[in-house]
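Each chain is listed here by its residues.
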Protein chains: 2
Amino acid sequence: MSTETKQSVPNASAHAWEGFAVGLWQDEINTRDFIQRNYTEYVGNADFLSGASSATNELMVRLNDLFEVEHEHSGVLAMENDVPSTLTSHQPGYLIQSAEKIVGLQTDQPLKQAFMPFCGIRMAESALESNGYETNPLMHTVFNQWRKTHNQGVFDAYTPEMILARKNKILTGLPDAYGRGRIIGDYRRVALYGIERLMQEKARDWENVGAGAMTESVIRLREEIKEQHRALEELKTMAASYGFDISLPAKTAQEAIQWLYFGYLGAIKAQNGAAMSIGRISTFLDIYLERDLKRGLIDENDAQELIDHLVMKLRMVRFARTPEYNDLFSGFPIWATLSVGGMSSDGRSLVTKTDFRFLSTLSTMGPSPEPNITVLWSSRAPEGFKQYAAKVAEESHALQFENEQLLRDYWGFDDVGIACCVSATVIGKNMQFFGARANLAKALLYAINGGIDEKSGVQVGPKLRPLTGEYLNYEDVWAAYKSILDCLANLYVNTLNVIHYMHDKYAYEAVQLALMDSHLERTFATGIAGISQATDSLMAIKHGHVKVIRDVTGLATDYVPEHGFPTYGNDNLEADAMANQIIDYFMTQIRRQHFYREAKPTTSLLTITSNVVYGKATGNMPDGRRAGVPLSPGANPSYDDGHFLGEKHGLLASLNSVARLNYGNALDGISNTQIINPSALGKNQTEIVTNLCHVLDGYFNQGGYHLNVNVFDQSLLKDAQAHPEKYPNLTIRVSGYAVKFRDLTAEQQNDVMLRTAHAHLTV
Amino acid sequence: MSTETKQSVPNASAHAWEGFAVGLWQDEINTRDFIQRNYTEYVGNADFLSGASSATNELMVRLNDLFEVEHEHSGVLAMENDVPSTLTSHQPGYLIQSAEKIVGLQTDQPLKQAFMPFCGIRMAESALESNGYETNPLMHTVFNQWRKTHNQGVFDAYTPEMILARKNKILTGLPDAYGRGRIIGDYRRVALYGIERLMQEKARDWENVGAGAMTESVIRLREEIKEQHRALEELKTMAASYGFDISLPAKTAQEAIQWLYFGYLGAIKAQNGAAMSIGRISTFLDIYLERDLKRGLIDENDAQELIDHLVMKLRMVRFARTPEYNDLFSGFPIWATLSVGGMSSDGRSLVTKTDFRFLSTLSTMGPSPEPNITVLWSSRAPEGFKQYAAKVAEESHALQFENEQLLRDYWGFDDVGIACCVSATVIGKNMQFFGARANLAKALLYAINGGIDEKSGVQVGPKLRPLTGEYLNYEDVWAAYKSILDCLANLYVNTLNVIHYMHDKYAYEAVQLALMDSHLERTFATGIAGISQATDSLMAIKHGHVKVIRDVTGLATDYVPEHGFPTYGNDNLEADAMANQIIDYFMTQIRRQHFYREAKPTTSLLTITSNVVYGKATGNMPDGRRAGVPLSPGANPSYDDGHFLGEKHGLLASLNSVARLNYGNALDGISNTQIINPSALGKNQTEIVTNLCHVLDGYFNQGGYHLNVNVFDQSLLKDAQAHPEKYPNLTIRVSGYAVKFRDLTAEQQNDVMLRTAHAHLTV
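Remember, predicted model here, so these are calculated numbers, not experimental data.

**Q** What is the right way to look at the packing of helix 27 (residues 714-722) of chain A against helix 28 (residues 746-754) of chain A in this model?
**A** Packed helix pairs are specified by the crossing angle of their axes together with the interaxial distance, meaning the distance between the axes. All names here are of chain A. Interhelical geometry of helix 27 versus helix 28 gives an angle of 160° and a closest axis separation of 10 Å. For the element pair helix 27 / helix 28, the angle class is roughly antiparallel. As for the relative orientation of helix 27 and helix 28, their crossing is left-handed in sense. Between helix 27 and helix 28, the residues in contact are Gln-714, Leu-717, Lys-718 and Gln-721 and Ala-746, Gln-749, Asn-750, Val-752 and Met-753, respectively.

**Q** Mind showing me how you'd approach the packing of aromatic side chains here?
**A** Both the distance between ring centres and the angle between the ring planes are used here to describe each pair of aromatic rings. Residues and elements named next belong to chain A. Enumeration according to the criterion identifies 74 aromatic pairs over all chains in this entry. Between the aromatic rings of Phe-48 and Phe-356, the centroid separation amounts to 5.8 Å while the plane-to-plane angle is 70°, which identifies the pairing as edge-to-face. Residue Phe-48 is located in the loop between helix 3 (31-38) and helix 4 (54-72), and its partner Phe-356 is located in helix 15 (residues 353-364); the two are separated by 308 residues in the primary sequence. On the basis of an interplanar angle of 55° and a centroid distance of 5.7 Å, the ring pair of Phe-565 and Phe-644 is categorised as tilted. With Phe-565 in the loop between strand 14 (556-561) and helix 22 (573-591) and Phe-644 in the loop between helix 23 (610-616) and helix 24 (650-659), this pair connects stretches of sequence that are 79 residues apart. On the basis of relative accessibility, which here comes to 9%, the residue Phe-565 falls in the buried class. Among the aromatic residues, ring-to-ring pairing joins Trp-17, Phe-20, Trp-25, Phe-34, Tyr-193, Phe-284 and Tyr-288 into one connected group.

**Q** How do you make sense of the nonpolar core when you look at a structure like this?
**A** Taken as a class, soluble globular proteins show a tendency for nonpolar side chains to be buried jointly. In terms of nonpolar packing, the biggest core is built from 251 residues, with A:Tyr264 and A:Tyr481 touching the most fellow members. No other element matches helix 19 (residues 474-506) of chain A, which puts 18 residues into this core. Aside from chain neighbours lying at most four places away, what touches A:Tyr264 is A:Tyr187, A:Met276, A:Ser277, A:Ile278, A:Leu314, A:Val317, A:Ile334 and A:Ala336. With 250 residues, the next largest nonpolar core counts B:Tyr325, B:Ala556, B:Ala575 and B:Tyr596 among its residues.

**Q** Please clarify how the UniProt feature "domain: Glycine radical" (unreviewed entry) in chain A should be interpreted in this entry.
**A** As recorded in UniProt, the sites labelled "domain: Glycine radical" (unreviewed entry) are residues 638-761 of chain A. Secondary structure across residues 638-761 of chain A divides into 40% helix and 18% strand, with the first and last C-alpha atoms of the span separated by 17 Å.

**Q** Hey, could you run me through helix 19 (residues 474-506) of chain B in this one?
**A** In an α-helix, one turn spans 3.6 residues, which is why side chains three or four residues apart end up on the same side. Its 33 residues place the ends of helix 19 of chain B 46 Å apart at the C-alpha level, agreeing with the 48 Å of an ideal helix rising 1.5 Å per residue. Taken across its 33 residues, helix 19 of chain B has 25 buried, putting it largely inside the fold.

**Q** What's the story with the sheet that holds strand 9 (residues 430-433) of chain B in this structure? I'm lost.
**A** Picture the strands of a sheet paired through backbone hydrogen bonds; they go either parallel or antiparallel. All names here are of chain B. Read across the open sheet, the three strands follow the order 9-11-15; overall the sheet is parallel. With partners counted over all chains shown, the strands left at the sheet margins are strand 9 and strand 15 (600-602), one partner each. The average angle at which neighbouring strand axes cross in this sheet is 30°, direction not considered. Here strand 11 (residues 521-525) runs beside strand 15; their pairing, made up of three bridges, is parallel. Counted as the bridge partner of Ala-525 is Thr-602 from strand 15. Across the sheet, helix 19 lies against strand 9 and strand 11, angled at about 135° from strand 11, the strand it touches most.

**Q** Any chance you could explain the interface of chain B and chain A here in plain terms?
**A** A common way to state how big an interface is: give the accessible area lost once the parts meet. Between chain B and chain A, the contact holds 44 residues from the first and 45 residues from the second. Together chain B and chain A conceal approximately 3600 Å² of surface at their shared face, both sides included; 58% is due to carbon and sulfur atoms. Summed over the shared surface of chain B and chain A, the result is 10 salt bridges. When the shortest N-O distance is used, the salt bridge between A:Glu227 and B:Lys148 registers 2.3 Å. Taken together, the connections running from chain B to chain A amount to 26 residue pairs in polar contact (both at pLDDT 80 or more). Elements represented by at least two residues in the side of chain B that touches chain A include exactly strand 1 (78-84), helix 6 (137-146), helix 7 (150-157), helix 8 (160-167), helix 10 (216-241) and helix 19 of chain B. When grouped by side-chain class, the residues that make up the side of chain B that touches chain A number 22 nonpolar, 10 polar and 12 charged.

**Q** I tried to follow the relation of the copies chain B and chain A on my own but got confused; where do I start?
**A** Turning one copy of the chain about an axis and sliding it along that axis gives the other copy, so a rotation and a shift relate them. Overlaying chain B with chain A gives an RMSD of 0.0 Å, the required rotation being 180° about an axis along which the chain moves by 0.0 Å. Such a combination of turn and shift is consistent with a two-fold rotation axis. When each C-alpha of chain B is compared by its distance to the rotation axis, B:Arg147 comes out closest, at 2.7 Å. Mapped onto chain A, 100% of the interface residues of chain B again fall at the interface, so both copies present the same surface.

**Q** Would you mind going over the UniProt feature "modified residue: Glycine radical" (unreviewed entry) in chain A with me for this structure?
**A** Residues and elements named next belong to chain A. Here, the residues flagged by UniProt with the feature "modified residue: Glycine radical" (unreviewed entry) are Gly-736. The residue Gly-736 is located in the loop between strand 20 (731-734) and strand 21 (737-740) in this model. With a relative accessible area of 0%, Gly-736 lands in the buried category. Excluding anything up to four places from it in sequence, Gly-736 contacts Trp-335, Asn-372, Gln-400, Cys-420, Cys-421, Leu-606, Ser-671, Thr-673 and Asn-708.

**Q** Explain the pairing of strand 5 (residues 373-377) of chain B to me, please; I cannot follow it from the model alone.
**A** Looking along a regular strand, one sees side chains alternate from face to face of the sheet. All names here are of chain B. Of all five residues in strand 5, five are buried, a share of seventy percent or more. On strand 5, burial covers both faces: Ile-373, Val-375 and Trp-377 on one face and Thr-374 and Leu-376 on the other are all buried. When strand 4 (residues 338-341) meets strand 5, the two strands line up parallel, connected through four bridges. Across the sheet, residue Leu-338 finds its bridge partner in strand 5, namely Ile-373. One crossover worth recording links strand 4 to the parallel strand 5 by way of helix 15 (residues 353-364), and it is right-handed.

**Q** Is there a simple way to explain the side chain of A:Asn497 in this structure?
**A** Position of A:Asn497 among the secondary structure elements: in helix 19. Given the relative accessible area of 0%, A:Asn497 is considered buried.

**Q** Which parts of the structure should I look at to understand the sheet that holds strand 18 (residues 673-676) of chain A?
**A** All names here are of chain A. Taken in spatial order, the six strands line up as 4-5-6-19-18-22 in an open sheet, and their pairing is mixed. Strands with a single pairing partner mark the edges of an open sheet, and in this sheet they are strand 4 (338-341) and strand 22 (757-758). In terms of strand pairing, strand 18 meets strand 19 (residues 706-711) through four bridges, oriented parallel. Among the inter-strand pairings, Ile-675 is bridged to a residue of strand 19, identified as Asn-710. Those strands touched by helix 16 (residues 383-396) are strand 4, strand 5 (373-377), strand 6 (400-403) and strand 19, and its axis lies near 145° from that of strand 5.

**Q** Would you mind going over the environment of B:His545 with me for this structure?
**A** All names here are of chain B. By secondary structure assignment, the location of His-545 is in the loop between helix 21 (531-543) and strand 13 (546-550). When the C-alpha atoms of His-545 and Thr-495 are compared, they prove to be 37 Å apart, with 50 residues separating the residues in sequence. Once you skip the residues sitting within four places of it in the chain, His-545 turns out to touch Tyr-471, Ala-540, Val-560, Pro-561, Glu-562 and His-563.

**Q** Looking at this structure, I do not really get the pattern of salt bridges. What am I missing?
**A** Any two side chains of opposite charge can pair, given that their charged atoms come close. Residue and element names in this part refer to chain A. Per the counting criterion, the structure on display carries 100 salt bridges over all chains. Residue Asp-668 pairs with Arg-182 through a salt bridge whose shortest N-O separation is 2.8 Å. Linking Asp-668 in the loop between helix 24 and strand 17 (669-670) with Arg-182 in the loop between strand 3 (171-172) and helix 9 (188-207), this pair joins segments that are 486 residues apart in sequence. Each member of the pair, Asp-668 together with Arg-182, is buried. Close ionic contact of Glu-470 with Lys-547 constitutes a salt bridge, the shortest N to O distance being 3.8 Å. Residue Glu-470 is located in the loop between helix 18 (440-448) and helix 19, and its partner Lys-547 is located in strand 13 (residues 546-550); the two are separated by 77 residues in the primary sequence. Under the relative-accessibility criterion, Glu-470 is labelled partly exposed at 48%. A residue is classified by how much of its surface remains accessible, and Lys-547, at 29% relative accessible area, is partly exposed.

**Q** What is the right way to read unusual backbone geometry from this model?
**A** Here the residue pair A:Glu370 and A:Pro371 is connected by a cis peptide bond, since its omega of -10° sits within 30 degrees of zero. Secondary-structure assignment places A:Pro371 in the loop between helix 15 and strand 5. Its identity is not glycine, yet B:Ile608 carries a phi of approximately 55°, on the positive side. Residue placement: B:Ile608 occurs in the loop between strand 15 and helix 23 (610-616).

**Q** Before we go on, may I ask you to explain the side chain of A:Arg189 in this structure?
**A** Residues and elements named next belong to chain A. With respect to the element layout, Arg-189 can be found in helix 9. On the basis of relative accessible area, Arg-189 is assigned to the buried category, the value being 5%. When sequence neighbours within four positions are dropped, the list of residues in contact with Arg-189 reads Ile-29, Thr-31, Gly-194, Leu-198, Gly-428, Leu-515, Met-516 and Asp-517.

**Q** It is not clear to me how the pairing of strand 17 (residues 706-711) of chain B should be interpreted in this structure. Could you clarify?
**A** Residue and element names in this part refer to chain B. Of all six residues in strand 17, six are buried; the element is thus mostly enclosed. In this sheet, strand 17 lies alongside strand 6 (residues 400-403) in antiparallel orientation, the contact comprising three bridges. Each residue of the ladder has a partner; that of Glu-402, found in strand 17, is His-706.

Reading the values: rules and limits
- Residues numbered from 1 in each chain as written.
- Chains lettered and ligands numbered in written order.
- Predicted model: local features only at pLDDT ≥ 70, side-chain atom pairs only at ≥ 80, totals over all residues.
- Heavy atoms only, no water.
- Axes fitted to C-alpha atoms, helices over the stretch in contact; angles between N-to-C directions.
- Helix = DSSP H or I, 4+ residues; strand = E, 2+ residues; numbered from the N terminus.
- Parallel < 35°, antiparallel > 145°, perpendicular 65-115°, else oblique.
- Left-handed = near helix turned anticlockwise from the far one by under 90°.
- Contact = heavy atoms within 4.5 Å.
- Phe/Tyr/Trp six-rings, centres within 6.5 Å; stacked < 30°, edge-to-face > 60°.
- Buried < 20%, exposed > 50% of the residue type's maximum accessible area, 1.4 Å probe, protein only.
- Core = buried A, V, L, I, M, F, W, Y, C linked by side-chain atoms within 4.5 Å.
- UniProt positions renumbered as here; feature names shortened; annotations may be inferred.
- Expected span 1.5 Å × (residues − 1).
- Pairing = 2+ DSSP bridges.
- Buried area = accessible area lost by both parts, 1.4 Å probe.
- Salt bridge = Lys/Arg side-chain N within 4 Å of Asp/Glu carboxyl O.
- Polar contact = N/O pair within 3.5 Å; in protein donor to acceptor, adjacent residues only side chain to side chain.
- Nonpolar A, V, L, I, M, F, W, Y, C, P; charged D, E, K, R; others polar.
- Least-squares fit on C-alpha atoms with pLDDT ≥ 70 in both.
- Right-handed = clockwise from strand over helix to strand, strands pointing away.

Written as structure tokens, this is what we have:
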């Protein structure tokens, strides 16, 4: 592991790079520079697309059969229980080897779930046992006696306060027993540079970490880079088992896709992360496809087939999960988030034919939750692309949209991808410490009850003086809320400090990080649940003359707003400002804390489907929301309850309110999920698609960050709930991901069905 | 793991503590306070001692038989290769169960060496393989693929410079593949408090680590205390397998010794440390023996038998070692260092009958290198004890002496014990990061040759301008030497920073640390080899008109001092000041560095037997010393070479020089080993013993720190080398430990035989 001089371009690379415009990317690892110098913007429409090949259809038939069997077995086709998953733990596996243009499975057979104990042996065992498998007793010994796991480490350091907050669900979903995920390796590097060059660069980085003093952070980074170097070697071995030598750069589009996928495959063999996103690959891969098309090596059918086969692989990613995890994030999401579209900082769009090709998989291969396709939207993007993306969204209910202008404004770069649902990350340069979320609706109840949990009656928060008046006074409540948020921010960040320290120690993501810069920016992601309930409750307290109902112990258990009050989601400036006030105060308190590895604090307004579990754990609210009812997902306004509560002024008013939330205070993303009745958009598909484009342009141009778009009538869901067999592949966007409707719990199906389905743009 | 209130004395403790003077020690973990309030100083002579019991003799016969078989098999009777050693990995083992008053073995049979891979699987495998055993392939997989070891971690972070310095032996003996050791658990706590109370205190400490911010050091300490808590639980389980419940305090002397030994046994099952010392236990145990004697539960025979059986266990400690390790530290030392004697800060001596009882084991059970008995000498100690210790030293050649006044002056406490050879440690409050040593003789040659190694010709040190004159100029050499020492200090401390970071991460000493305070003082021990060669060479350069001989490449390869010059070890003020000047400069550079966990830097003048290996790696020196000849061990002056070099003025002049070294600059200890011809001390044993006491009084009163005392004629060693079968148990003190002469390599035997054997006190 030594390189004295900078790597000159080897002959083999020169051959692989033939036809590419030269640049900085040859002298240093710089995928963006390669893209910028080589990509071909596509400004046309979707007419060039071809359908699925016969091989693709053959594979999809087989895959759909396997999906059916898997569905019949509660989402588990087979599980490994004998050997921990590593890059080289399994023999090669295939779907139909003769038909696959892109190969590689997580284990030795399709959909078989690997055994991943490094984040927590108990979780791995529970996943096995809840599905009727036994853990190999040797594995139990190894990971209990000789090899400590992340989960054990975390609980060795957690304070009783942390455990209490976790148990009472003021903090939920913490990655303390599973992988934190949300780290996107720059998998493109494998294709562009080959493993040898990447290893040389890591060797050079390793040599140049630390001067003068071996501080702990220098030692840690040196060890980490060595682990990355080792992981690259293992990637090579893994690829070799499939018959490929990925030492050198990919020479064709097929190799490029295969090399890139091997990088990702290594990551999902090594880590069961909370979100294993693949990043922004379409513009990059298009360069290879264009070159091969120009050379006459492939035609459009071939190009589409290669993309289809990659996408198929992403549909097959599986992780062993526990019932508790499935409650929180229903429908087995793995967030193989794939970002398409976007704009270059020089004003061109980054749209290529391959962005179309990825979108078209949802038509030709049927809708699917994974990969979690994310369109980086710009009103300045080519019209053909906008129209096509809107059309696919309308037909598949499987797309989400994010504001590419905001990404560049706040992250400074145009090579940004989305991890998980809404988390921006500069590809290859930035990693996130994922931190789940705090329930700020519940925190408001703590403020009223002096830190006592309204469900358990236990003192969870600080022992503040409870508010005792018959009616709630806004000034008193806001002051108490601030005190609660002060403590909660401290507890929350410290909990995450423990988690990320232990994750680095016991479950370091060597593969993903091997495909990123050695010196990274790190964000420290916190999250907020219940923003609309907290906002509306404070608005109720301020304007609604809220009477408090207390039990015999004096605990406030219910609230009656006696007057109406403005609420969030109705384009009301005061209500929207209240939401921003809460976020700003919380984020200010978050920023005060000490952060592991000097990571940069962020927060998100994103619950994924945990809004249901959070709601279950949250008592009656001053805005009139009933105990146990799901919180609004992400940044969504409350649903219209027919009384004081919720969004009553149509889609545009709702979008205006959400767009008003300050992204600068919530850099981990602001999630918004909408169901729009087709009739609200138009009378036929052309009208619907055109108007959807207008809605997206308008929303994003006024600063909206993200939109999950579902265009259907709620009656569709009623029918699907009643007759699931009729809708095996019905996919919808829930908060942060797409999911097959039949895979949601009944509770979550009901939550979705209760959501406002906007029948009108304005009311 | 929760304690809201302080532990009140439980009834069971009250019973166990009956008859003890009450004190602070009951309210907090404070063994010293217990000792101070309860011990009975003994000012008489050795007449009270009884001999070995029949059980003791029976056991010793068996043990000596096993030792013989072990010796015939190159020091290895049996090895475990199947399961990593933990506190509970093995069934109970016995020597002769019916005869043993104190039980407990490292594995399931006497002298069988455990498999200890946590510090390094390669080392563990090499130890097995070099002795003809195979590693279980599963263990190979576990510790290469799933459970990283200390050794792997270290080499992942080492810089090429570190590896080069290590390879060229400017740094040697670094604990990067074996346990750092030198950590003394306060094993007395097990006896005095029982495990339950200790666990409660650890739980309370754990609860109270960290406020406000979860920094990395807070998280680390919380995890460590939890690991300690877990280790205490395991200690209980281990003891239960031998039929003992050590939850509660020991009720009798036999229990006290057994409980204490279980604590130590846990440590040596869990760690193969560079030195697994047992600390200062005699005064403590005497309190229990006195109480039982007073109660008529035991008589002196019983008391001696209990001590004998404990000592026998300490003679049986074994660790699997590699050939390389044995080259460095010959004769299988494990440094079960046991400190006896000493003074209380209130002016009393800490000498008890049990201090005599430990010494007498060397007579009744024959001499033995282990435990490494260390007498903390004071001229104010009771005359009877001084005489007896001197007599045992003279007869056994198995004792070392340390200056107890210096210990209290510099460490501030009287409950100080010796770890390894000369490293002081405040029992239960202080741990050391062991750091082996740098070769300052070789460093001087680097100064002359511009950082090029005189043996390998490789640029190891900084590329300084080499000194090119025909004769060496002192000012030039000193300036260049300082530059070399600057760089060496930085490299050395950084190397140790890596080692200790990784040791904490991959091979944390939970058992030992469970028996210490949670908030520890840490010392960062560096070490110096070759001080006398460096000193004498600088004296030669200054006064001896040293001509340089260079090879064709210009590398200085030999030196000819043309005049005589004063040398260290002859009571010459200038030479002795030169030694202090080197140490002071080096230590000043050491102190400039960054230290892991803010440990306090120290250094030692101690080579153990590595002086031979260091000497082999060091070229010709300007003082006339020939290449390859062993360096002087520790702080010893050079031997008289019959020409300019070495100590020529007898024992007292030599001792005066060593005593002049500033302990404040070498707080990790200054080792001095002497062979005194009996004729130098007197005509008969009484005279010899009396004069030896005078020598020790004089040496220590003028600030000498340590003395290994060998009183014999060199002809004894010649005979033993020629006829090893006649001397199976001949034990001598080498630098830092005692060893059976027959277990030394021929090279090391020769080194010892070449040493100055003082035939006169003064010349």
